[in-house]
Amino acid sequence: MKKAKHTCPSNSKAFGLALQALVFMSDSPNRYPSNNIADHLCSEATLIRRILAKLAQENILEVREGRDGGYRMKQPPESVTLADIYISLQTEASLCEGMLDSTGDHSFGMQMHDMFNDITEEINHSVLEILRKYTIADMANRMSPIMEN
């Protein structure tokens with residue numbers, strides 16, 4: 001079976017760029033054009049727009065098009081967890097879930113598939129549990145001395 005192409009980059013890169021963009025936007029109610037966000041992150045505006053579009057679809061960001069348009073956080077940074085962002089950007093199976101694709105339909109492969117399934121469920125649960133402990137505000141607060149310089 002052929003995997004579908006995704007409009008968003010790999011989860012880990014999109015996740016990292018999304019977090020950086022949200023931390024950058026979190027200190028102000030102003031709208032930020034994608035070019036400004038991309039410049040601040042030293043990234044491409046098109047890539048940033050694709051990532052931020054996913055966050056807008058999930059009601060994390062508010063988007064306004066046009067000359068005075070841009071992106072801003074729709075929810076307070078204190079209420080947006082890293083798990084919210086991770087789940088919003090989930091466009092493909094995580095790396096550990098790729099293990100499931102490696103098993104065959106023979107007896108040994110089916111047993112390994114069951115074990116891999118249990119392991120990947122536990123990994124995914126653990127990742128989300130950790131990400132729920134942190135908010136965009138937590139990250140911004142840790143960054144504030146650096147961002148002021």
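Everything below is about the structure printed above this text.
Residues numbered from 1 in each chain as written. Predicted model: local features only at pLDDT ≥ 70, side-chain atom pairs only at ≥ 80, totals over all residues. Heavy atoms only, no water.

Another point: helix 6 (residues 107–131). Compared with an ideal rise of 1.5 Å per residue, which puts 25 residues at 36 Å, helix 6 spans 36 Å between its outermost C-alpha atoms and is within 8% of the ideal. For helix 6, every residue scored as buried is listed here: Gly109, Phe116, Thr120, Leu128 and Leu131. (Helix = DSSP H or I, 4+ residues; strand = E, 2+ residues; numbered from the N terminus. Expected span 1.5 Å × (residues − 1). Buried < 20%, exposed > 50% of the residue type's maximum accessible area, 1.4 Å probe, protein only.)

Moving on: the packing of aromatic side chains. The full count for this structure, using the stated rule, is two aromatic pairs. Taking 5.6 Å as the distance between ring centres and 85° as the angle between the ring planes, the aromatic pair formed by Phe15 and Tyr86 counts as edge-to-face. Linking Phe15 in helix 1 (residues 11–25) with Tyr86 in helix 4 (residues 82–88), this pair joins segments that are 71 residues apart in sequence. For the pair formed by Phe15 and Tyr86, the shared burial category is buried. Pairing Phe24 with Tyr32 gives two aromatic rings, centres 4.9 Å apart and planes at 50°, and the pair type is tilted. (Phe/Tyr/Trp six-rings, centres within 6.5 Å; stacked < 30°, edge-to-face > 60°.)

Okay, the pairing of strand 1 (residues 61–64) next. Here strand 1 runs beside strand 2 (residues 70–73); their pairing, made up of four bridges, is antiparallel. By the bridge assignment for strand 2, Glu62 is matched with Arg72. Taking the residues that link successive antiparallel strands as the turn, the strand 1-strand 2 hairpin has five residues, and the phi of Gly66 there is positive, at about 105°. (Pairing = 2+ DSSP bridges.)

Taken together, Met115, Ile119 and Ile123 make up a surface patch of nonpolar side chains, about 240 Å² in accessible area. Among the structural elements, Ile123 can be located in helix 6. A relative accessible area of 34% means that Ile123 is categorised as partly exposed. (Patch = residues over 30% accessible without salt bridge, like charges linked within 9 Å, V, L, I, M, F, W, Y side chains within 5 Å. Areas by Shrake-Rupley, 256 points an atom, 1.4 Å probe, with all protein chains shown as cover. Salt bridge = Lys/Arg side-chain N within 4 Å of Asp/Glu carboxyl O.)

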